[in-house]
Amino acid sequence: MAEVIPIQKSGDYEDPANTRPVSLLPIVSKACEGSALSQFRDFLDSNGIIHHSQSAKNRKLHSTETALLRYTDELLKNMDDKKISVIVLLDMSKAFDSIRHDLLINKLHKLGVSFAACSWFLSYLSQRMQVVKIEDSLSEPLPLKAGVLQGSILGPVLFTLYVKDLLRVPKRCRALGYVDDTNVFTALPSGQLPEAVAAVNQAQRYIQLVLRSLSTNQS
């Protein structure tokens, strides 16, 4: 059972679309998640499973700072080469809530995660309930049939693995990611600006198609 606290992101607090749901979980479960993440991260790093351009706070030496440094270095290099950078910033809406558990477990199995470990992750994701807490008021409990919890320890790394192939989708440009934020960019001489714009727009469309196939909301 998780208590979901709506944290305001921007705009009118009364509008649920302007809040980020953060799940408060029992301390014992957080300790269990931390132990599992330590072992799982070693497995992922030793097998080179996560794309080198994907950053996340649960990856060693891949924080928000390293993501910004990589991105800034790329822009400065393009400026030194007298090139124009064209960038598309993609922010996945309700990304953590849209994960299909069956697809996630299937992906873990294909990555070489053992049957016993896949069963553990399925148990971790299944039969969860949540209530929304606003001040002293609690909603009625409802089951969670999809997604990973925002505020959990394992949630970000499971989401990263769920969308890990996104950074390989662009063929004519590059992509950098930080959990659910993805930047698609390319650089060309100023005379080839239309070609650069076409390349990043094409990559954006391909990524959107992949995300749609992964989402629980097929509309």
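Here is what the cut-offs are and how they apply
Residues numbered from 1 in each chain as written. Predicted model: local features only at pLDDT ≥ 70, side-chain atom pairs only at ≥ 80, totals over all residues. Heavy atoms only, no water. Core = buried A, V, L, I, M, F, W, Y, C linked by side-chain atoms within 4.5 Å. Buried < 20%, exposed > 50% of the residue type's maximum accessible area, 1.4 Å probe, protein only. Helix = DSSP H or I, 4+ residues; strand = E, 2+ residues; numbered from the N terminus. Contact = heavy atoms within 4.5 Å. Patch = residues over 30% accessible without salt bridge, like charges linked within 9 Å, V, L, I, M, F, W, Y side chains within 5 Å. Areas by Shrake-Rupley, 256 points an atom, 1.4 Å probe, with all protein chains shown as cover. Salt bridge = Lys/Arg side-chain N within 4 Å of Asp/Glu carboxyl O. Pairing = 2+ DSSP bridges. Phe/Tyr/Trp six-rings, centres within 6.5 Å; stacked < 30°, edge-to-face > 60°. Lys NZ or Arg CZ within 6 Å of the ring centre and 35° of its normal. Axes fitted to C-alpha atoms, helices over the stretch in contact; angles between N-to-C directions. Parallel < 35°, antiparallel > 145°, perpendicular 65-115°, else oblique. Left-handed = near helix turned anticlockwise from the far one by under 90°. Expected span 1.5 Å × (residues − 1). Arc of directions from axis to C-beta. Nonpolar A, V, L, I, M, F, W, Y, C, P; charged D, E, K, R; others polar.

**Focus on the nonpolar core**
Step number 1: Core analysis: the biggest nonpolar cluster contains 37 residues, and Phe40, Leu108, Leu154, Leu158 and Val184 have the highest contact counts within it.
Step number 2: Among the elements of the structure, α1 (27-46), β4 (84-91), α3 (101-110), α4 (115-125), α5 (155-162) and α6 (193-214) are those that each provide at least two residues to this core.
Step number 3: Residue contributions to this core peak at five residues, all from α5.
Step number 4: Once you skip the residues sitting within four places of it in the chain, Leu158 turns out to touch Phe40, Leu104, Leu108, Phe121, Tyr124, Leu125 and Val148.

**Focus on α5**
Step number 1: Across the eight residues that make up α5, a large majority, eight, are buried.
Step number 2: Along α5, the residues classified as buried are Gly155, Pro156, Val157, Leu158, Phe159, Thr160, Leu161 and Tyr162.

**Let's talk about a nonpolar patch on the surface**
Step number 1: Taken together, the side chains of Tyr13, Val132 and Ile134 define a hydrophobic patch exposed on the protein surface, amounting to about 250 Å² of accessible area.
Step number 2: Within the secondary structure, Val132 is located in strand β5 (residues 128-134).
Step number 3: Exposure remark for Val132: the relative accessible area of 32% places this residue in the partly exposed category.

**Considering the pairing of strand β8 (residues 174-178)**
Step number 1: Counting buried positions along β8 gives four out of five residues, so the element sits mostly inside the fold.
Step number 2: As paired strands, β8 and strand β9 (residues 181-188) are joined by five bridges and run antiparallel to one another. The residue of β9 that forms the bridge with Ala175 is Val184.

**Some words on the packing of aromatic side chains**
Step number 1: Under the defined criterion, the tally for this structure stands at four aromatic pairs.
Step number 2: Measuring from centroid to centroid gives 4.9 Å for Phe40 and Phe121, while their planes differ by 50°, and the two rings are tilted. Of the two residues, Phe40 is situated in helix α1 and Phe121 in helix α4; the sequence distance between them amounts to 81 residues. Neither residue differs from the other here; Phe40 and Phe121 are each classed as buried.
Step number 3: Between Trp120 and Phe121 the ring centres are 5.3 Å apart and the planes differ by 85°, which places this aromatic pair in the edge-to-face class.
Step number 4: On the basis of relative accessibility, which here comes to 5%, the residue Phe121 falls in the buried class.
Step number 5: The aromatic ring of Tyr124 is capped on one face by Arg128, whose charged end is 4.6 Å from the ring centroid.

**Describing the packing of α3 against α4**
Step number 1: Interhelical geometry of α3 versus α4 gives an angle of 160° and a closest axis separation of 10 Å. Classified by the angle their axes make, α3 and α4 are roughly antiparallel. α3 and α4 meet at a crossing whose hand is right-handed. Along its contact with α3, which presents His101, Leu104, Ile105, Leu108 and His109, the element α4 presents Cys118, Phe121, Leu122 and Leu125.

**Remarks on helix α2 (residues 64-80)**
Step number 1: In a regular helix each residue adds 1.5 Å, so 17 residues correspond to 24 Å; α2 covers 24 Å between its end C-alpha atoms and thus fits that length.
Step number 2: Residues Ala67, Tyr71, Glu74 and Asn78 constitute the buried set of α2. Projected onto a plane normal to the axis of α2, the buried residues spread over an arc of 55° and lie on a single side. Seen from the buried face of α2, the exposed residues on the opposite side, beyond 90 degrees, are Leu68, Leu69, Asp73, Met79 and Asp80.
Step number 3: Where α2 terminates, the next one or two residues include Lys82, which has phi positive at roughly 60°.

**Concerning the packing of α3 against α5**
Step number 1: At a closest axis distance of 9 Å, the pairing of α3 and α5 adopts a crossing angle of 80°. Relative to α5, the element α3 lies roughly perpendicular. Side by side, α3 and α5 meet where Leu103, Leu104, Lys107 and Leu108 of the first sit next to Leu158, Leu161 and Tyr162 of the second.
Step number 2: Among the residues forming the contact of α3 with α5, the class breakdown is six nonpolar, no polar and one charged.

These figures come from the coordinates and say nothing about function on their own.
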